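Residues per chain, in single letters:
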Amino acid sequence: MYHKTVSELSKALANKAISSVELTKLYLERIKQYNPLLNAYITLTEELALAQAKQADQARAQGQATLLTGVPIAHKDIFCTEGIKTSCASKMLDNFIAPYESTLTAKIKQAGMVLLGKTNMDEFAMGSSNENSYYGACKNPWDIERVPGGSSGGSAVAVAARLAPAATGTDTGGSLRQPGALTGTTGLKPTYGRISRYGMIAFASSLDQGGILTYTAEDAALLLETIAGFDPKDSTSAVEPVPSYSKNLNDSLKGVRIGLPKEYFTSQLDTTIGTTIHTAAKELEKLGANLHEISLPNMGLSVPAYYVIALAECSSNLARYDGVRYGYRCQDPKDLLDLYMRSRGEGLGAEVKRRIMIGTYTLSAGYYDAYYLKAQQIRRLIQEDFIKAFKEVDIILGPTSPTTAFKINEKVDDPVAMYLADIYTVAINLAGLPGISIPAGFSNGLPIGMQLIGNYFAEAKLLNVSHQYQQQTDWHRQMPSQFN
Amino acid sequence: MTWEAVIGLEVHAQLKTKSKIFSESATQYGAEPNTQANAIDLGLPGVLPVLNKEVVKMAVKFGLAVNANINLKSIFARKNYFYPDLPKGYQITQFELPIVGKGILAVADPEGNVKKIGITRAHLEEDAGKSLHEDFHGMTGIDLNRAGTPLLEIVSEPDLRTAKEAVLYLKALHALVRYLDICDGNMQEGSFRCDANVSVHKIGEPFGTRVEIKNLNSFRFIERAIDYEIQRQIEEIEHGNKIVQETRLYNANTHKTKSMRSKEEANDYRYFPEPDLLPLVIDKAFIETIAEKLPELPEAKRQRFISQYGLSAYDAGNLISSQSLADYFEQTVKLSATDPKITANWIMGELSAALNKHDLTIEHSPVTTTMLAGLLKRIHDHTISGKIAKSVFEAMWAGEGDADTIISKQGLKQVTDSSALEKIVAEIIANSPEQLADYLAGKERLFSYFVGQTMKATKGQANPQQVNEILKQQLKRVTH
């Protein structure tokens, strides 16, 4: 049963092949068995899950079920969930029980899904390896000596090891797509504003976007329909109507124009990954798509621009963690400055502090123009590159990550090398476009992810192409044998 | 060469909305601490601001009233600094692109001389909470009820030259925001706060280094603080010292300013555009709808009062200081159909004195416009004298009814029957042979003796003018 996708589980529940309570117990069992090894979950909400499952079964019996009623899910511990610890994987929020529910999780709750628990992540979503967690690193089920990517590492591992049929995540510079690629799962980051950010703990407000990790694009479509939409509580959420993403999954790819940016296929890319992506592109060509080489000339500037903007915003967004109202407070502060310095010094991790310091620096008087303003100009150039490209093609295709999963501790002492793990993903956040990473092959037993990028609000097309590819391949169906 | 002060003011006007600028919490003053602070005001993780549309209307209203350039696109920014009553660690404000750009406020002095003071800008922002340092045994209490209260910060050009002028400008601004109904103007509750930038220079030389004075919460303190600061700066320079750019705090007990922090200690606020809010975009139609509903503004009203009612600049300036006072005046003039100048005198004399004495505002005056008009009518038609009118006014204030009721009940009707008066006057003359003789011998000041006797005989109810006339006639007759 744990091999089944959300859509298959939905059918199984509808056919009474299994009850939600049975299904939930099955996942809880698996979590208890494997989580000590993988560290995918920070909090397990067992009691709540069983109560919700029971409720879901009742709703189903009364004919009040949605497609998702009774299907379990896990939330990245960045989403505020009322009455449940919401830590953002930080010591700072280790004692924080959210008094309100995020819009995204509220919608999932309303659809009747069952919450299994809150997943591990890089502290405040800052990282590409899930090593920056107060609760310890999360392990890649394909090789537990390797990282699962980050920051939504726990969610990706939960799905990859089948400790949840689906999980939510967030993506600020690749935090859904890169762990998706490194764990062989499907990671969807929608257009900026497609999903409300209300109740999603902010890292970099102009880049953050909620999304999901699933086995298949079909599941991603089903979940996106549920969580997308305008939210009056988030002024940056899009008023654009939400289409039925599932409806167009089976559209033909005939005539779909797919662009391969030449800047993506350089010596920086692992050769096996390069070959794999080209093979995947050929697969899409066989389905009727036309392949084009395109150019995104400012790609090379995206990582520095991204790190200036994201860190500037984070330095301000994290100022609220001051030990005054909630969260960690140091012992016996001797005065206000001491309270601030020790609460933040002790409550925040090394990477978070590094980013706050860099961000504070770039916004400082005398440096703002050279860094923040310049980075915003680059952001516009990158956006224009994409707008131009989407006049010629419908979808842009490339790798998600320059490498497969790397070893734990391999890059911890080299932040720049770590930041370069985001080289193919951050530009999409800077432009605010939707992107998806889907499994496209393996290299030495480690999954390779293919990234598809769509035009603004073209999630339907993105999911259609991904689904068609997944109809022809079974990469997404493969599972790390140790957890099978 | 003489010293000249250069003053610019920053006013924080609390906008009169029901809810906060970025959340649904109430803004009412005086609630139990932290009962008007929700997840957004507390800066909980993951919350987002949503702009209250009312504040935009109010800012536009203000902009139109000072003939300002209203920016169709304005940007919210974050001002970053740490303080325990600033929950998010930043204040959402407007920095590079404020909603209201350059404008002008005409300020009239009591003599009616008008000076145009430049408004640099006015922008929307949220207030912080309050830190309470007393009663917490060495700790600080934080009340976040005020956090997120909408403010319009109105920045003037350095166009003011004296403390008096600064106060005139502030009073004009104070009247304006209340006319526009965007701020209640309550200075004690902090709804209208002022910081002053003060420098001195010798005329013809460049402006001096400016010092910012904070904590000015009454017109009187503002005037004193600025005067003190001007004097202090002049003395410093004359003693060969330099003025340093700093922020000083005014102490209302010592009437002195004290250094709070120097420029070096000033925060680097690291402003950047607020990514949680889209640029604020308004259209011309929106502005026009607001323009159509704009009330008559204080300066226009002042000029109209002078031309329409023939009032002095001083009277007009006083009457327009609040919309309610001006309305009271106009309503009374209309109801009494008598001399507007006398109406103005009564309102600014007896009525204002009584209101002040009882610490009441015009809205709560026990003497209504109808009542005052009734009294003015009786003065006008000589039913009562001005002197009697004062006691009638007092009775009205005490709740004894309207003027006519009081006049008839107390028998205060003025004796205007000339034959009766003539008889009384004749009797008094006849009964005062010595005084008459002296008067006729040239002691003309004895005329007032006869007036006094007549008034006494009529218990003050005779019309003094009429008494004069009759006395003159009869005394003339005696001499011939």
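Residues numbered from 1 in each chain as written. Chains lettered and ligands numbered in written order. Predicted model: local features only at pLDDT ≥ 70, side-chain atom pairs only at ≥ 80, totals over all residues. Heavy atoms only, no water.

**Concerning the overall build of chain B**
Across its full length, chain B holds 15 helices and 15 strands. On C-alpha atoms alone, chain B measures out to a radius of gyration of 30 Å, which is more than a quarter above the 23 Å that the 2.2 N^0.38 rule sets for 480 residues. With the C-alpha coordinates aligned to their principal axes, the bounding extent of chain B is approximately 100 × 55 × 55 Å. The 480 residues of chain B split such that 50% are buried. The long-range fraction of contacts in chain B, counting pairs at least 24 apart against all pairs at least 6 apart in sequence, stands at 68%. Surface accessibility of chain B: about 23,500 Å² in total, with carbon and sulfur atoms responsible for 51%. Computing the positive centroid from 56 side-chain charges and the negative centroid from 62, chain B places the two 3 Å apart. (Helix = DSSP H or I, 4+ residues; strand = E, 2+ residues; numbered from the N terminus. Rg over C-alpha atoms; globule rule 2.2 N^0.38 Å. Buried < 20%, exposed > 50% of the residue type's maximum accessible area, 1.4 Å probe, protein only. Contact = heavy atoms within 4.5 Å. Areas by Shrake-Rupley, 256 points an atom, 1.4 Å probe, with all protein chains shown as cover. Lys, Arg positive; Asp, Glu negative; His and termini not counted. Charge placed at Lys NZ, Arg CZ, Asp CG, Glu CD.)

**Concerning the pattern of salt bridges**
Counted by the stated rule, this structure contains 40 salt bridges over all chains. A:K85 serves as the salt-bridge partner of A:D94, at 3.0 Å between the closest nitrogen and oxygen. The salt bridge involving B:R193 is made with B:D127; its shortest N-O contact spans 3.1 Å. Of this pair, B:R193 sits in strand 10 (residues 192-202) while B:D127 sits in the loop between strand 6 (114-126) and strand 7 (130-132), placing them 66 residues apart in sequence. A single network of salt bridges, built from pairs that share partners, joins A:R197, B:R78, B:E274 and B:D276. (Salt bridge = Lys/Arg side-chain N within 4 Å of Asp/Glu carboxyl O.)

**Regarding the sheet that holds strand 3 (residues 76-80) of chain B**
Residue and element names in this part refer to chain B. Spatial ordering of the open sheet is given by 4-3-14, a layout of 3 strands whose pairing is antiparallel. Strands at the two margins of the open sheet, each flanked by one partner only, are strand 4 (90-94) and strand 14 (272-273). Examined bridge by bridge, strand 3 and strand 14 share 2 bridges and lie antiparallel to one another. By the bridge assignment, R78 is partnered in strand 14 with F272. (Pairing = 2+ DSSP bridges.)

**With respect to the nonpolar core**
One finds A:F124, A:F386 and A:L463 to be the most contacted residues of the largest nonpolar core, which totals 146 residues. Sorting elements by how many residues they give to this core places helix 9 (residues 302-317) of chain A first, with 9 residues. (Core = buried A, V, L, I, M, F, W, Y, C linked by side-chain atoms within 4.5 Å.)

**Some thoughts on the domain arrangement of chain B**
How big an interface is tends to be expressed through the accessible area that disappears when the partners come together. Assigned domains within chain B: domain 1 (3-290), domain 2 (296-410) and domain 3 (418-479). Computed from C-alpha atoms alone, the centre-to-centre distance between domain 1 of chain B and domain 3 of chain B is 66 Å. (Domains from an automatic or database assignment.)

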